[in-house]
Amino acid sequence: QVQLVESGGGLVQAGGSLRLSCVASGSIFSISAMGWYRQAPGKQRELVAVILGGGSTNYADSVKGRFTIFRDNAKNTVYLQMNSMKPEDTGVYYCNLEPPPGSDDPDYWGQGTRVTVST
């Protein structure tokens, strides 16, 4: 059983920065891949960034060079540092935990945190 709680969203001007946090309950965090997804109004949810348990990362092309995903396994927390933000970054950001292969657990999702980037 895992619970994910996101925080850090808010209103920011274009060019500004926000840092999102996602705290996970349970004991499987460190062996799980963690991702940040976002859903803009009228659009499908999309992958923003993912970090594997071993620390390797991948990013959507739209955020490469601007966003950084990192994790602190001691705190069961994954972060998304968002710099040089653009209005198209607006949306609800969701934290995702994917258990390792062979786990009986499903993917877990947080409740989302809203990000609005003004012009």
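Use the structure listed above.
Residues numbered from 1 in each chain as written. Predicted model: local features only at pLDDT ≥ 70, side-chain atom pairs only at ≥ 80, totals over all residues. Heavy atoms only, no water.

### Structural notes on the pairing of strand 11 (residues 113-118)
So, step 1. Only one face of strand 11 is covered, namely the one carrying Thr113, Val115 and Val117; the face carrying Arg114, Thr116 and Ser118 has none of its residues buried.
So, step 2. Sheet analysis places strand 2 (residues 10-13) next to strand 11, joined by four bridges and oriented parallel. Of the residues in strand 11, the one forming a bridge with glycine 10 is valine 115.
So, step 3. Judged from the three bridges that link them, strand 9 (residues 91-98) and strand 11 form a sheet pairing that is antiparallel. By the bridge assignment for strand 11, valine 92 is matched with arginine 114. (Buried < 20%, exposed > 50% of the residue type's maximum accessible area, 1.4 Å probe, protein only. Helix = DSSP H or I, 4+ residues; strand = E, 2+ residues; numbered from the N terminus. Pairing = 2+ DSSP bridges.)

### Observations regarding the pattern of salt bridges
So, step 1. Using the criterion set out here, one finds four salt bridges in the structure.
So, step 2. Between aspartate 89 and arginine 66 there is a salt bridge, with its nearest N and O atoms 2.8 Å apart. Of this pair, aspartate 89 sits in the loop between strand 8 (77-82) and strand 9 while arginine 66 is found in the loop between strand 6 (57-59) and strand 7 (67-72), placing the two residues 23 residues apart along the sequence.
So, step 3. Relative accessible area serves as the criterion here: at 0%, aspartate 89 is assigned to the buried category.
So, step 4. The exposure class assigned to arginine 66 is buried, which follows from its relative accessible area of 11%.
So, step 5. One continuous salt-bridge network, built from bridges that share partners, spans Arg38, Glu46, Arg66 and Asp89. (Salt bridge = Lys/Arg side-chain N within 4 Å of Asp/Glu carboxyl O.)

### Concerning the environment of threonine 68
So, step 1. Residue position: threonine 68 is located in strand 7.
So, step 2. Classification of threonine 68 as partly exposed rests on a relative accessible area of 38%.
So, step 3. In the structure, threonine 68 is positioned 19 residues away from proline 87 in sequence and 18 Å away in space, judged by C-alpha atoms.
So, step 4. Leaving out residues up to four positions away in the same chain, threonine 68 has contacts with Tyr59, Tyr79, Leu80 and Gln81. (Contact = heavy atoms within 4.5 Å.)

The quantities given are spatial measurements derived from coordinates; they are silent on function.
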